[in-house]
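# Structural features, examined
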Amino acid sequence: MHQAGPKKNTGFSVVKLLHRYIHHVIFHLSIRNRFLQRPTLYFKPLRSVCSCTKQLSVLKTYSRSLASLAIGEFHAHITHLTCSHCKKTYNSEELQTIVAPNAKFGFDVMVYVGEALFLHARNGKEIQRELGGKNINISLREIDRLGRRFIVYLTLVHKESQTELKALIGSQGGYILHLDGTCEGDSPHLITSIDELSKIVLGNVKLPSENADQLIPFLQTIKQAYGEPIAMVHDMGAAILNAVKEVFPTIPDYVCHFHFLKDIGKDLFGHDYGTIRRHLKTHAIRSHLRKSAKGLKKAIDADPDTLHSLHDYLQSKPPHAAKMPLRPLVMVYLLVCWVLEAKQASHGFGFPFDRPHFDFYRRIQEAYPALLSLKPKMAGNASLLPLAPVSKALTDQALATTVLRMQDKVGIFDQLREAMRIAQPDNGDGLNDEGDPDITTIKERLLQFRHSEKIKELALTNIAYRKMVKQIDKYWDKLFADPIQVLTNTGTVTLQPQRTNNIMEQFFRDLKRSDRKRSGNHTLTKTLKTMMAQTPLVKNLDNPHYMEILLNGKVNLAERFAEVDIVQVRNVFAHAQISTQRYPKRMAEVFKIPDLPRKLVKTTPKPAAPP
């Protein structure tokens, strides 16, 4: 009996799918046949007659392997012409718009790499893979080099555009100069200046350390390029204050309110806070609580009823409105976790506005009586109660005294914080908080705080409060900026300088976030050491007004970069390689030698004896 074979259309469908796949591959290979064979393009000067009217002749011909986004990798057959009469030589004008002299990768590839690195935070391997899909084979080292050349070209066209940028700044009535720096570990200091009104990065410099002698030339460069600002905002660093006083002695000069408060808080209770942190670390209280929380959770998971009690509490809204009574085991677990997560009481401002170690101790104080009352109800789980380590920490008299002293200071600091209406706990902006813009009211509140009887009395008896009052008096004139009237293209307008230097803080946070995403490194010490000083200029590329000036009528950055003199590029690139380190490379190894004087003297050759 004949058995039925497989259905005919099943086999047909498999073959059909296979054919479709083959055609799909062939199609893509055909439209990207440049992968199979590099094309050869011919480049020669457009003119055949010299400017002296003599006929040009061929000087030389040669081939180069080049790459651009539009074509991929290709062979360039290049012809140079010369005049036998005046000896003038002519190169291909078209080739000069595609690639720089002696370079392999076109301007468009360099721009692609630069934007991918600095605007889109892509890493080298991602860029290498993307360019490979465009038939451009490139090494990771070359990607890094193109990124650095991108910054050099951007630096030069930025400098060429300074006259037009100054005119733009003038049309808005001038500029409010924000100045700040950042560093990590033993890295150089990256100093950046930004105009508050146009949000344009004006200039940058890398310095071995932040001191006035090195900041002064930088500020003089800004002054020469853009004129004097209508106001300045910065932090309270002595170097910046001295440099600003030297270069801009008559310009209204203001300190950031956030940094002002931060500095006062650190001086007021920074030492006490450090003492609390050290004592808590000595008692290893967090380690004991984490161990207890782990044991409690294991015991809860082992009992379905207790686990249900925990879930019922957590799912109720609000949590403390649970329908069923809480089991003692669950209550202890919640209290222990509540203490451990004291940092949740912070609001993202950092110390001294957030005080997680201080809050941790306060939560221990509050939780201990409740934990003690639950001990009789814990039955066989009493060993999971962390009473002994908590009691030991709370009976530490030195720690308790420090906490009480800091508690009084925190109360005074929070009153000052409320008077200045900045970095408020109820504000959801975190470090982006610009503060209350009502300067007049804030000035009145701070005046009341400064001259209150309580503050006067505290300043008489306590050096920490006396120092706080002295700080307020010292910077009073730099805290409050009166509105400034300026003349713009549209008429007279009134400007109010920002109370904070948050424009700089946000800028550096974004710069660091992008670098961490690109490199995968949490610390930026190595990046700040190796990055080019003018790298922050890339942030201007998102500004349409800046880009219009920078392009100067060109369609894109690749066309604009093609106009830059290669000699200038090489000079800037060479100068950028100069190290900004305080000491020569590997000097850190010398500093670790414990007996350096003896070893140096021992290895120093003795002078020859006189004949």
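Residues numbered from 1 in each chain as written. Predicted model: local features only at pLDDT ≥ 70, side-chain atom pairs only at ≥ 80, totals over all residues. Heavy atoms only, no water.

To continue, consider the sheet that holds strand β7 (residues 201-207). Pairing is mixed in the open sheet, where five strands are placed in the order β7-β6-β5-β8-β9. In this open sheet, the two edge strands, each paired with only one partner strand, are β7 and β9 (253-255). Averaged over all adjacent pairs, the angle separating strand axes in this sheet is 20°, with direction ignored. (Pairing = 2+ DSSP bridges. Helix = DSSP H or I, 4+ residues; strand = E, 2+ residues; numbered from the N terminus. Axes fitted to C-alpha atoms, helices over the stretch in contact; angles between N-to-C directions.)

Interhelical geometry of helix α5 (residues 140-160) versus helix α6 (residues 162-171) gives an angle of 60° and a closest axis separation of 5 Å. In terms of orientation, α5 lies oblique with respect to α6. Residues His158, Lys159 and Glu160 of α5 pack against Gln162, Glu164 and Leu165 of α6. A per-class count over the contact of α5 with α6 returns one nonpolar, two polar and three charged. (Parallel < 35°, antiparallel > 145°, perpendicular 65-115°, else oblique. Contact = heavy atoms within 4.5 Å. Nonpolar A, V, L, I, M, F, W, Y, C, P; charged D, E, K, R; others polar.)

The next thing to look at is the environment of Leu307. With respect to the helices and strands, Leu307 occurs in helix α11 (residues 304-315). When the C-alpha positions of Leu307 and Leu329 are compared, they lie 9.7 Å apart, and in sequence the two are 22 residues distant. When neighbours within four sequence positions are excluded, Leu307 is seen to be in contact with Ile300 and Asp301.

Next up on the list: unusual backbone geometry. Between Phe351 and the following residue, Pro352, the backbone shows a cis peptide bond with an omega angle of 10°. Tracing the backbone shows Pro352 in the loop between α12 (328-340) and α13 (356-374). For Asn135, which is not a glycine, the phi torsion comes out positive at approximately 65°. Within the secondary structure layout, Asn135 lies in the loop between α4 (124-132) and α5. Positive phi, normally seen in glycine, also occurs at Asn552, with a value near 55°. Its place among the elements puts Asn552 in the loop between α22 (544-551) and α23 (557-561).

Taken as a whole and assessed by the stated rule, the structure comprises 21 salt bridges. With a closest N to O distance of 3.4 Å, Arg122 and Glu130 form a salt bridge. Residue Arg122 is classed as partly exposed on the basis of its relative accessible area of 29%. Across the pair Asp510 and Lys539 runs a salt bridge whose closest N-O atoms are separated by 2.7 Å. One end of the pair, Asp510, is in helix α20 (residues 502-519); the other, Lys539, is in the loop between α21 (525-530) and α22, and 29 residues separate them in sequence. What emerges from the salt-bridge pattern is a single network uniting Glu160, Lys554, Arg560 and Glu563. (Salt bridge = Lys/Arg side-chain N within 4 Å of Asp/Glu carboxyl O. Buried < 20%, exposed > 50% of the residue type's maximum accessible area, 1.4 Å probe, protein only.)

Our next topic: the side chain of Asn540. In this fold, Asn540 is placed in the loop between α21 and α22. Contacts of Asn540, omitting those with residues within four sequence positions, involve His158, Lys199, Ile200, Val201, Tyr546 and Met547.

Without other data, these values stay purely geometric and don't point to any function.
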